[in-house]
Amino acid sequence: MYYDLKLLKDIVDNTPLPIAVYTGPDLKVELANPAMIRTWGKGEHVIGRNYLDIVPEIHNQQIFDQALTVLKTGIAFHATDKKVDLVINGEIKSHYFNYSFIPLADTQGHIYGVMNTGADVTALHQAKQEVQNSDERLRMAIESSGMGTYEIDLATKKITACGNFNAICSIEGKITNEQLISKLHPDDQALREKAHQAAEVTGKISYEARIVNDDSAIRWVKIDGKIIKDENGNPITIIGIIQDIHEQKQFEEELKKQVAENTVELQRSNDDLLHFANVVSHDLKEPVRKIKTFNSLLRHESKTTFDENSIKYLNKVDQSAQRMQTIIEGILAYSTLDKKTQPVEKINLDEVVEHIKTDLELIINEKGAILIISELPDIEGAPILIHQLFYNLIHNALKFSKADQPPRVIITSAIINDANGMELLEIKIKDYGIGLDPIYAEKIFNAFERLHSKDEFEGNGLGLSLCRKIVKRHHGTITATGEHNNGAEFIVILPLKQPASYL
């Protein structure tokens, strides 16, 4: 008998769940295992004391009355996930318990006591609450976003849905998977099949389709889902989200329509521009050439004597004709640049510069210009365009010189690398002419942009714009710096090798 009692006591004391036994109307503590003593948090001296004397904070929490009712009626009481406030170390804390009060009877069936068992489920309660809060936040987010969620039981083919699912799919009540599939537009059934076949490998479903409503109205939807498998790898459930994208699709279609219309209009404009360039080339250049020719013949007419004013007017006619010819050639070059593909070749820049010096020999000699040019490496590009690029830049440097000083132009180069390790050629063309105000450093590359009147410096305002076009076509950059009345510097950066065989 002693052995049995000791065994029972050892079992109770070593049970991790709190256990206590109360007797009498004051519920005197007859037994409390270490787990219950720790739960109360009032120290070890609890045997023989009344229940409320140990945990007086439960008086207004109905717990004492529940235990007393069990003692009086003999009917057990069970509570699940019940909040209990306990004072531990002088601080009241909320706990959650699954606890029971079980009546204890003697051999005659008389109730003599109550056994109290419990399990602290505070951590479980908090985790459950977090899950509920997370689910609620997710539900609110889904509903506010206009999406609907769904779950398909692959065994029964039944769909469980929430959020805006029914509204998006235009259904009332419950619907099976087959019924939902039948609402898809016939032309989109193949898209669904393809998406599900891909999901057998990836586990993810994603496609866009049209839902046909009962009134034959059509709405675009986006369907995303995930296949859930059991422990044997067999698909059992599909969970996913459906989203109404009808307005987005309408916007895309309208945008495509506008882009197509604008593309046609742009093509028409480009064709008109090319036609205009051809007209300029064939119809305007010839009259201008004749004006210059006849004006020259008139000036050199031996039988006619011109006074000073007549000579001045003849000179103005010649200057105007020359200016018109320059403008015509600039417009022609600018408008046709993008229309002609150019083969990429290896270019000797030293030879290019020498040819340009020959082309500009007259202005160089007239102004007594000094050109200091370092040795330049070979690059890849379209020879005719590269020649035009450096011709415009060097001619610019000579043209915008100071009236009282001969032009001085310095050309230097260096090989640099970009962030990806590509080799680039950086060329600097510096002059000491009238300079450039930094606020115009970008503006000068705009077409027809002039910072000086045509009476001060001749030109058509297309030279630098053409330079930028050529540089961009060669996958490079061009920038300008300078100071007013203290020269300008143009920096051209070009790849040493072009990525394609045509530009």
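What you see as residue numbers is a count from 1 along each chain, following the sequence as written. Per-residue local features are limited, in this predicted model, to residues with pLDDT of at least 70; the limit for side-chain atom pairs, both in listing and counting, is 80 or more; totals at the level of whole chains, interfaces and linings are taken over all residues. Hydrogens and water molecules were not included; the side-chain quantities draw on all heavy atoms of the structure.

1. Comments concerning the overall build of the protein
Next up, step 1: Assigned secondary structure in the protein consists of 14 helices and 17 strands.
Next up, step 2: In this description, accessible areas are obtained by the Shrake-Rupley approach with a 1.4 Å probe, and a residue is regarded as covered only by the protein chains that are shown. With an accessible surface of roughly 30600 Å², the protein has 54% of that area assigned to carbon and sulfur atoms. Under the scheme used here, helices are H or I runs from DSSP no shorter than 4 residues and strands are E runs no shorter than 2 residues, and both carry numbers assigned from the N terminus.

2. So, the confidence of the model for the protein
Next up, step 1: For every residue, the predictor assigns a confidence score, pLDDT, that lies between 0 and 100. A residue-level look at the protein finds 87% of positions with pLDDT of 70 or above and a mean pLDDT of 83.
Next up, step 2: Contacts of residues 448–460 to residues separated by more than four positions or lying in other chains number 28 contacts, the stretch itself having pLDDT below 50. By definition in these notes, contact holds between two residues if any of their heavy atoms fall within 4.5 Å.

3. Digging into the packing of aromatic side chains
Note on aromatic pairs: each is described by the distance of the centres and the angle between the planes.
Next up, step 1: The aromatic pairing rule takes the rings of Phe, Tyr and Trp, using the six-membered ring of Trp, and pairs them if the centres are within 6.5 Å, calling planes under 30 degrees apart stacked, those over 60 edge-to-face and the rest tilted. Here the structure, examined in full by the defined rule, presents five aromatic pairs.
Next up, step 2: Between the aromatic rings of Y22 and Y51, the centroid separation amounts to 4.4 Å while the plane-to-plane angle is 20°, which identifies the pairing as stacked. Taken together, the residues Y22 in strand β1 (residues 19–23) and Y51 in helix α3 (residues 51–54) connect sequence positions 29 residues apart.
Next up, step 3: Note on Y22: relative accessible area 0%, which makes it buried.
Next up, step 4: Ring geometry for W40 and Y51: centres 6.1 Å apart, planes at 45°, overall tilted. Taken together, the residues W40 in helix α2 (residues 34–40) and Y51 in helix α3 connect sequence positions 11 residues apart. Relative accessibility decides the category of a residue: with a 1.4 Å probe and only protein chains considered, values under 20% of the type maximum give buried, values over 50% give exposed, and everything between is partly exposed.

4. Topic: the pattern of salt bridges
Next up, step 1: Whenever a carboxyl oxygen of Asp or Glu lies within 4 Å of a side-chain nitrogen of Lys or Arg, that contact is scored as a salt bridge. Scanning the model with the defined rule gives 11 salt bridges in all.
Next up, step 2: Of the charged contacts in the structure, one is a salt bridge between E57 and K42, with a shortest N-O distance of 2.9 Å. Here K42 lies in the loop between α2 and α3 and E57 lies in the loop between α3 and α4 (63–73), a separation of 15 residues in the sequence.
Next up, step 3: Look at K42 and you get partly exposed, because its relative accessible area is 29%.
Next up, step 4: Among the salt bridges present, the one from R192 reaches E193, with a minimum N-O distance of 3.1 Å.
Next up, step 5: In this structure, a network of salt bridges that share partners links the residues E208, K249 and E252.

5. Comments concerning the sheet that holds strand β3 (residues 77–88)
Next up, step 1: Strand pairing is assigned whenever DSSP detects at least two bridges linking the two strands. Spatial strand order, β2-β1-β5-β4-β3: five strands in an open sheet with antiparallel pairing. Only two strands of the sheet have a single partner each, and these edge strands are β2 (28–32) and β3. Across the sheet, the mean angle separating the axes of adjacent strands is 35° when strand polarity is ignored.
Next up, step 2: Taken together, the 10 bridges between β3 and strand β4 (residues 91–105) define a ladder with antiparallel strand orientation. Each bridged residue has a counterpart across the sheet, and for D85 the counterpart in β4 is S94.
Next up, step 3: Set on the sheet, α4 makes contact with β3, β4 and β5 (111–120); between it and β4 the angle comes to about 5°. Simply put, an axis is a line fit to the C-alpha atoms, just over the touching stretch for a helix, and the angle between two N-to-C directions goes from 0 to 180 degrees.

6. A closer look at the sheet that holds strand β16 (residues 477–482)
Next up, step 1: In space, the five strands of this open sheet follow the order β12-β14-β15-β17-β16, with mixed pairing throughout. Edge positions in the sheet fall to β12 (370–373) and β16, since each of these pairs with one other strand and no more. The mean inter-strand angle of the sheet, taken between neighbouring strand axes irrespective of direction, is 15°.
Next up, step 2: The pairing of strand β15 (residues 423–431) with strand β17 (residues 488–495) spans seven bridges and is antiparallel.

7. Description of the pairing of β5
Next up, step 1: Where β1 meets β5, five bridges bridge the pair, whose relative direction is antiparallel. Each bridged residue has a counterpart across the sheet, and for A20 the counterpart in β5 is N116.
Next up, step 2: Pairing of β4 with β5, which is carried by nine bridges, proceeds in the antiparallel orientation. Note on β5: the bridge partner recorded for S100 is T117.

8. Observations regarding a nonpolar patch on the surface
Next up, step 1: In this analysis, a patch consists of residues with relative accessible area above 30% that form no salt bridge, clustered at 9 Å for like charges and at 5 Å for the nonpolar side chains Val, Leu, Ile, Met, Phe, Trp and Tyr. A grouping of F251, L255 and V259 is seen on the molecular surface, where their side chains present a nonpolar patch of about 300 Å² in accessible area.
Next up, step 2: As for its placement among the helices and strands, L255 is situated in helix α9 (residues 246–299).

9. Concerning helix α13 (residues 383–399)
Each turn of an α-helix holds 3.6 residues, which means side chains three or four residues apart point in the same direction.
Next up, step 1: Here the expected span of a helix is defined as 1.5 Å times the quantity of residues minus one. The end-to-end C-alpha distance of α13 is 24 Å, a good match for the 24 Å that 17 residues give at a rise of 1.5 Å each.
Next up, step 2: Burial runs high along α13: 12 of the 17 residues are buried.
Next up, step 3: Among all positions of α13, only L385, I386, L389, F390, N392, L393, I394, H395, N396, A397, L398 and K399 are buried.

10. Quick word on the pairing of strand β14 (residues 408–417)
Next up, step 1: Here β12 pairs with β14 via four bridges, running parallel. Bridged to I372 within β14 is I410.
Next up, step 2: Bridge analysis of β14 against β15 gives nine bridges, and the strand direction is antiparallel. Among the inter-strand pairings, I410 is bridged to a residue of β15, identified as K430.
Next up, step 3: Between the antiparallel neighbours β14 and β15 lie five residues, among them G421 with a positive phi of about 85°.

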